[in-house]
Structure formats: structure tokens, C-alpha cells
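Here are the chains, one letter per residue:
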Amino acid sequence: MVHSWRDSIPLSDEQTLVRDSIREICQEFDAEYWRKRDDAEDYPHEFVETLSDHGWLGILIPEEYGGAGMTTSEVAVMMEEIAANGGGFSAAQAVHGGIYNSTPLVTYADEDLKSELLPKVADGEVAIQSFGLTEPNAGSDSTSIETSAERDGDEYVINGQKIWISRVDATDYLVLMARTTPRENVDKRTAGISMFLVDIDDAYDQGALEIQQIPKTASGFVHSYEMWFSDLRLPADRLIGEEGRGFYQVLDGLNEERLAIAAECVGLAEAALERGIEYANEREVFGSAIGSNQSIQHPLAEAYTETLAAKHLLYGAAETIETASQKETGAMANAAKYRAAEAAFAAADAAVQTHGGFGVAREYDVERYFREARLTRIVPITQQLVLNYISENVLGLPRSY
Ligand SMILES: Cc1cc2nc3c(=O)[nH]c(=O)nc-3n(C[C@H](O)[C@H](O)[C@H](O)COP(=O)(O)OP(=O)(O)OC[C@H]3O[C@@H](n4cnc5c(N)ncnc54)[C@H](O)[C@@H]3O)c2cc1C
């Protein structure tokens with residue numbers, strides 16, 4: 001693969017080390033590996049285990065708990081590389097939860113829980129791959145969630161339903177968001193929501209959890225589920241952080257996570273562009289390479305400019321995250337996610353068109369990138385909701401809903 005046009009942004013020594021290490025690991029998992037996972041809708045266990053064996057799932061866990069103690073600046077490089085080296089958005093999504101779901105524990109869990117779990121997450125013995133917020137009756141309006149957690153002595157009792165929860169089949173624990181106070185009894189809609197750590201095996205053992213996989217057209221090898229909780233009993237020490245403050249705890253790490261998502265979209269755009277450029281140079285019709293036609297060149301060149309813009313926004317935000325205000329980082333992280341998803345869509349669309357009929361043939365992979373690029377406009381937050389955020393919080397426009 002030719003990486004030179006991708007490597008135009010200066011990286012720190014640590015970022016360069018991450019880039020080179022992840023690139024090397026990704027070479028073991030070629031296009032055929034990912035195609036087979038996508039065809040069979042098989043979770044890429046070998047890939048995730050390899051990353052985990054090299055300690056990469058503990059990239060954000062502090063060194064005192066056995067992790068690498070790195071930051072989102074390095075995770076962005078890791079995720080971009082995973083996606084760009086052929087795995088696409090889905091390959092990055094296969095490990096995304098395993099990296100970010102332990103961060104609320106690092107910040108908010110008590111010392112006993114941290115010392116019990118974080119070293120195991122860092123060395124790959126335990127996975128916290130799933131995060132459960134979305135509900136059928138709430139959707140993007142996440143403060144309307146109805147799953148309840150009622151205190152009963154030393155326990156909480158959980159009842160309710162979640163939807164679209166990813167990687168439940170590949171996790172030991174789920175970070176669950178539930179209401180400890182109903183919405184009608186709180187002053188602010190963001191209050192009264194709490195964060196819990198659910199041991200999935202224990203939930204099954206109690207007979208308190210049922211799940212059903214949701215068939216879908218994109219990211220098929222990272223499975224998503226509907227979940228039903230009925231009288232699940234959790235020890236009170238499985239509350240992460242403060243009761244009623246869970247939503248604020250989620251918001252706390254949101255910008256960092258959004259930058260990682262932007263990096264995954266940038267990587268997907270780069271993978272699609274790389275395949276488009278390769279085919280445009282190789283394929284000859286009417287006696288010359290199709291890439292000599294400007295109608296083939298320009299969409300690729302345009303998608304490149306979008307990708308580069310998203311990449312600068314993303315790494316600029318990652319670089320200043322420690323010093324910038326929450327508001328400044330929020331503006332950049334949301335803008336980066338928006339631009340990166342649009343860049344991924346433009347790049348994948350150009351790559352499909354460049355391939356002509358082979359654009360829809362599975363063996364050329366660009367059709368998978370296209371399906372994934374479409375998904376990036378919806379998850380983990382829709383493009384409209386990102387624009388709502390920017391309109392209200394950056395431009396100071398009134399909230400309309
Ligand atoms: C593959 C996949 C994996 C996922 N994984 C997880 C997971 O692991 N954990 C988890 O908790 N969730 C997960 N989700 C859920 C995801 O976060 C939601 O699908 C997403 O936030 C959108 O919510 P919704 O689907 O209910 O859409 P809705 O909220 O019903 O929105 C439908 C449409 O209306 C638009 N809309 C709604 N309100 C407004 C408004 N005020 N202004 C403008 N437009 C508006 C939306 O942008 C969207 O286009 C996943 C989803 C998918 C598809």
C-alpha cells in the first residue's frame with residue numbers, strides 16, 4: 001500500500017510509534033480476512049485478540065493499572081490506522097468500546113473496583129465492550145430513557161429495554177445507563193440518570209437478561225442487540241460514580257470519544273480513496289487508464305480535500321484538548337465528526353463510481369466501505385444532532401426542540 005499522501009500531518013514520537021505498530025499488526029489482516037468477516041457476519045476475534053495481546057485495548061488505562069497511559073491523540077492514530085489499512089469503520093468499531101468504556105471507571109469508579117478490573121482490562125483478560133444508552137422510546141433524546149434502577153437495600157433492581165447495543169456477544173461487562181429518579185421528578189432532564197457496571201454472565205445466571213440480535217446492512221460483523229432487563233439485581237457497589245450524575249459523567253468523556261469516531265471516519269475515507277486511486281490507475285478503457293479522465297480524478301481529489309480538512313480538525317482538536325476549554329473542544333470535536341463522516345461518504349461514493357460495475361462486487365470491498373460510510377452519518381450520533389449541537393452551543397442559536 002502507498003501511504004505517502006496519508007502521512008502528511010506531522011505526528012509526535014508517541015503517535016508515530018502507535019502508527020507504525022498498528023500498521024504492522026494490520027498487515028496480518030488482509031482484505032480477504034475482512035471480506036470473509038463481512039460475508040459471514042463474524043466478529044473479528046483474531047484481530048481483537050491480537051490487539052489485546054499487544055496491550056492496545058489498555059491504551060487509555062493509566063500505567064499504575066497496567067495500561068499504556070496514553071491519550072486520545074494516540075487513540076486517534078490507532079483508530080485511523082485500523083480503518084485505513086483495510087478494516088474500515090467496522091474493524092475500528094470492533095475495538096472502540098473496549099477502549100472507551102473503561103474510561104468512566106478510570107475517572108469515577110471507587111478504588112476497589114478500579115484495582116479489581118482495570119489491570120484485567122489492560123491485559124485483555126476482561127472486556128468492557130458494550131455501552132447501553134439507546135432505548136426504543138427515547139432515541140436521540142437520550143435523557144428520555146426509561147430503564148429504571150431502584151435501590152433495594154444493598155442492591156439496585158434494573159428493569160427496562162435497550163436497543164442497538166453493540167458487541168454484547170463479545171463482552172464481559174456492559175456500562176449501563178438507567179434512571180434512578182424518573183424524568184418527571186427531576187428539575188433538569190439531564191439529572192437522575194446513573195451509570196452501572198453489569199456483569200453479563202451474572203445477568204444471564206439470574207435469568208434477568210434477554211437479548212436479540214438486530215439484522216443490519218452495515219457493520220454486520222459487529223453485532224448489535226435489543227436487550228430486555230427484568231428484575232436484574234446489581235450490588236450497590238456496581239454504581240459507577242455518583243447516583244443521578246451518570247449523564248454528566250458520559251458528557252465528560254464525550255469529546256474525546258467523538259474525536260476517535262472522527263478518526264475512524266477519516267481512516268475509512270482513506271481506505272476507500274486508496275482503493276479508488278489504485279483502480280483508477282490500473283483499469284484501462286478506450287485505450288487508456290480511466291484515471292486519466294477528469295470525471296474520475298475530480299471526485300477522488302475532492303474527497304481527498306475533505307478528508308484532509310477533517311484530519312486537520314481532528315488532530316488539531318486532539319492536540320489542544322488538554323488546554324482548550326470544554327466549549328472549544330466540543331466545537332472542534334463535533335465539527336471533526338461531521339466533516340469526517342461527510343469525507344468518508346464522499347470518498348466511498350467516488351471509489352464505488354470509479355470501479356464501475358465492480359463498485360458493487362463484493363471482491364473489491366468498496367461497496368462495504370460505502371455501506372459503512374452511510375452508517376457514519378447516523379452513529380454514534382446523527383449528523384443532524386451534531387449540527388444541532390453546533391447551532392446551539394457554538395453559534396448561540398435558540399433550541400427548537
Ligand atoms: C450499528 C449501530 C450501532 C449502535 N451501537 C450503539 C451502542 O453500542 N450503544 C448505544 O447506546 N446506542 C447504539 N446505537 C444507537 C445510536 O446511537 C442511535 O441509533 C442514534 O443515536 C440515533 O438514534 P435513533 O436511531 O433512535 O434515531 P432517532 O432519534 O429516532 O432519529 C431519527 C431521525 O430523526 C432525526 N432527528 C431526531 N430529532 C431531531 C432533532 N431535534 N433535530 C433534527 N433531527 C432530528 C435524527 O437525526 C434521525 O435522522 C447504535 C446504532 C447503530 C445503527
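Everything here concerns the structure above.
Below is a summary of the structure that appears in this document. All figures in this text were calculated on a predicted structure; none of them were measured in a lab.

1. Digging into the overall build of the protein
Then, in step 1: What the protein contains, in helices and strands, is 13 helices and 10 strands.
Then, in step 2: For 401 residues, the compact-globule formula gives about 21 Å, and the C-alpha radius of gyration of the protein, at 21 Å, lands near that figure.
Then, in step 3: When the 401 residues of the protein are sorted by exposure, 53% land in the buried category.
Then, in step 4: Counted over contacts in the protein with a minimum sequence separation of 6, partners at least 24 positions apart contribute 73%.
Then, in step 5: Surface accessibility of the protein: about 17,500 Å² in total, with carbon and sulfur atoms responsible for 48%.
Then, in step 6: Computing the positive centroid from 32 side-chain charges and the negative centroid from 68, the protein places the two 6 Å apart.

2. Some details on the packing of aromatic side chains
Ring pairs (aromatic) are described by centroid distance and by the angle formed between their planes.
Then, in step 1: Under the criterion given, the structure shown has 10 aromatic pairs.
Then, in step 2: Ring centres 5.2 Å apart and planes at 85° place the aromatic pair phenylalanine 29 and phenylalanine 47 in the edge-to-face group. In this pair, phenylalanine 29 is assigned in the loop between helix H1 (13-27) and helix H2 (31-40) and phenylalanine 47 in helix H3 (residues 45-53), connecting sequence segments 18 residues apart. By the burial criterion, phenylalanine 29 is buried, and phenylalanine 47 matches it.
Then, in step 3: A connected cluster of aromatic rings, assembled from ring pairs, spans Phe29, Tyr33, Trp34, Phe47 and Phe221.

3. Observations regarding the site of the ligand
Then, in step 1: Not every one of the 19 residues close to the ligand is listed here, only the nearest: Phe131, Thr134, Ser140, Trp164 and Thr382.
Then, in step 2: Proline 380 places a main-chain nitrogen or oxygen 3.0 Å from an oxygen atom of the ligand.
Then, in step 3: Taking glutamine 384, its side chain carries an N or O atom lying 2.8 Å from an oxygen atom of the ligand.
Then, in step 4: Relative to its free-state accessible area of 980 Å², the ligand is covered by the protein chains to the extent of 66%.
Then, in step 5: Looking at the shell around the ligand, the elements with two or more residues in it are strand E3 (155-166) and helix H13 (383-394).
Then, in step 6: A breakdown of the residues in the shell around the ligand according to their chemical character gives 10 nonpolar, 8 polar and 1 charged.

4. A short note on the packing of helix H4 (residues 72-100) against helix H12 (residues 366-376)
Then, in step 1: With their axes 9 Å apart at the nearest point, H4 and H12 run at an angle of 45° to one another. Considering their axes alone, H4 and H12 lie oblique with respect to each other. Both H4 and H12 take part in a crossing whose hand is left-handed. Along the contact surface, H4 presents Gly86, Gly87, Gly88, Phe89 and Ser90, while H12 presents Arg368, Tyr369, Glu372, Leu375 and Thr376.
Then, in step 2: Of the residues belonging to the contact of H4 with H12, the class tally is 3 nonpolar, 5 polar and 2 charged.

5. Observations concerning a negative patch on the surface
Then, in step 1: A contiguous patch of negative charge, built from Glu41, Asp42, Glu46, Glu49 and Asp53, is present on the exposed surface.
Then, in step 2: Locating glutamate 46 in the fold gives a position in helix H3.

6. As for the environment of phenylalanine 221
Then, in step 1: As for its placement among the helices and strands, phenylalanine 221 is situated in the loop between strand E6 (209-213) and strand E7 (224-235).
Then, in step 2: Overall, phenylalanine 221 belongs to the buried group, its relative accessible area being 0%.
Then, in step 3: With 54 residues separating them in the primary sequence, phenylalanine 221 and arginine 167 have C-alpha atoms 9.5 Å apart.
Then, in step 4: Residue contacts for phenylalanine 221: discarding those within four places in its chain leaves Trp34, Arg37, Asp38, Glu41, Asp42, Tyr43, Pro44, Gly87, Ser90, Ala91 and Arg368.

7. Re H1
Then, in step 1: In a regular helix each residue adds 1.5 Å, so 15 residues correspond to 21 Å; H1 covers 21 Å between its end C-alpha atoms and thus fits that length.
Then, in step 2: Taken residue by residue, H1 has Gln15, Val18, Arg19, Ile22, Arg23, Ile25 and Cys26 as its buried positions. Buried residues along H1 cover an arc of 165° about the axis, so they all sit on one side. What points out from H1, more than 90 degrees from its buried face, is the exposed set Asp13, Glu24 and Gln27.
Then, in step 3: Close packing links the buried residues of H1 with H3, H4 and helix H10 (294-320).

Cut-offs and rules
Residue numbers here run from 1 along each chain, matching the order of that chain's written sequence. Local features are withheld for residues below a pLDDT of 70 in this predicted model, meaning they are given only at 70 or higher, and side-chain atom pairs are given and counted only at 80 or more; totals for whole chains, interfaces and linings count all residues. For side-chain calculations, the full set of non-hydrogen atoms in the structure is used, while hydrogens and water are omitted. Secondary structure counts use DSSP, requiring at least four H or I residues in a row for a helix and at least two E residues in a row for a strand, with both numbered from the N terminus. Based on C-alpha atoms, the radius of gyration is set beside the globule rule, defined as 2.2 Å times the residue count to the power 0.38. Throughout this description, buried means an accessible area under 20% of the type-specific maximum (1.4 Å probe, protein chains only), exposed means over 50%, and partly exposed covers the range between. Any two residues whose heavy atoms approach within 4.5 Å at even a single point are treated as in contact. Calculation of accessible area relied on Shrake-Rupley with a 1.4 Å probe; when residues are assessed, cover is drawn exclusively from the protein chains displayed. Charge assignment in this entry is limited to Lys and Arg as positive and Asp and Glu as negative, and neither His nor the chain termini are counted. Taken as the charge location is NZ of Lys, CZ of Arg, CG of Asp or CD of Glu. Note on aromatic contacts: the rings of Phe and Tyr and the six-membered ring of Trp form a pair at centre separations within 6.5 Å, being stacked when their planes are under 30 degrees apart, edge-to-face when over 60 apart, and tilted otherwise. The cutoff for a nearby residue is simple: one of its non-hydrogen atoms must lie within 4 Å of the molecule or strand. Under this definition, polar contacts are N or O atom pairs within 3.5 Å; protein pairs additionally need one hydrogen-donor-capable and one acceptor-capable atom, and for neighbouring residues in sequence, both atoms have to be side-chain atoms. Amino acids outside the nonpolar list (Ala, Val, Leu, Ile, Met, Phe, Trp, Tyr, Cys, Pro) and the charged list (Asp, Glu, Lys, Arg) are all regarded as polar, and Gly is one of them. To obtain an axis, a line is fitted to C-alpha atoms, over the contacting stretch when the element is a helix, and the angle between two such axes runs from 0 to 180 degrees between their N-to-C directions. Every angle not falling under 35 degrees, over 145, or within 65 to 115 is termed oblique; those three ranges are roughly parallel, roughly antiparallel and roughly perpendicular. Definitions for this section: a left-handed crossing has its near helix turned counterclockwise from the far helix by less than a right angle. A right-handed crossing has that turn clockwise. Exposure above 30% relative accessible area and the lack of any salt bridge qualify a residue for a patch; like charges then connect within 9 Å, and the nonpolar side chains Val, Leu, Ile, Met, Phe, Trp and Tyr within 5 Å. Salt bridge, as used here, is a side-chain nitrogen of Lys or Arg placed within 4 Å of a carboxyl oxygen of Asp or Glu. In a helix, the anticipated span is given by 1.5 Å times the number of residues less one. Note that the arc is computed from the directions linking the helix axis to the C-beta atoms.

Everything listed here is a matter of geometry and, on its own, says nothing about what the molecule does.
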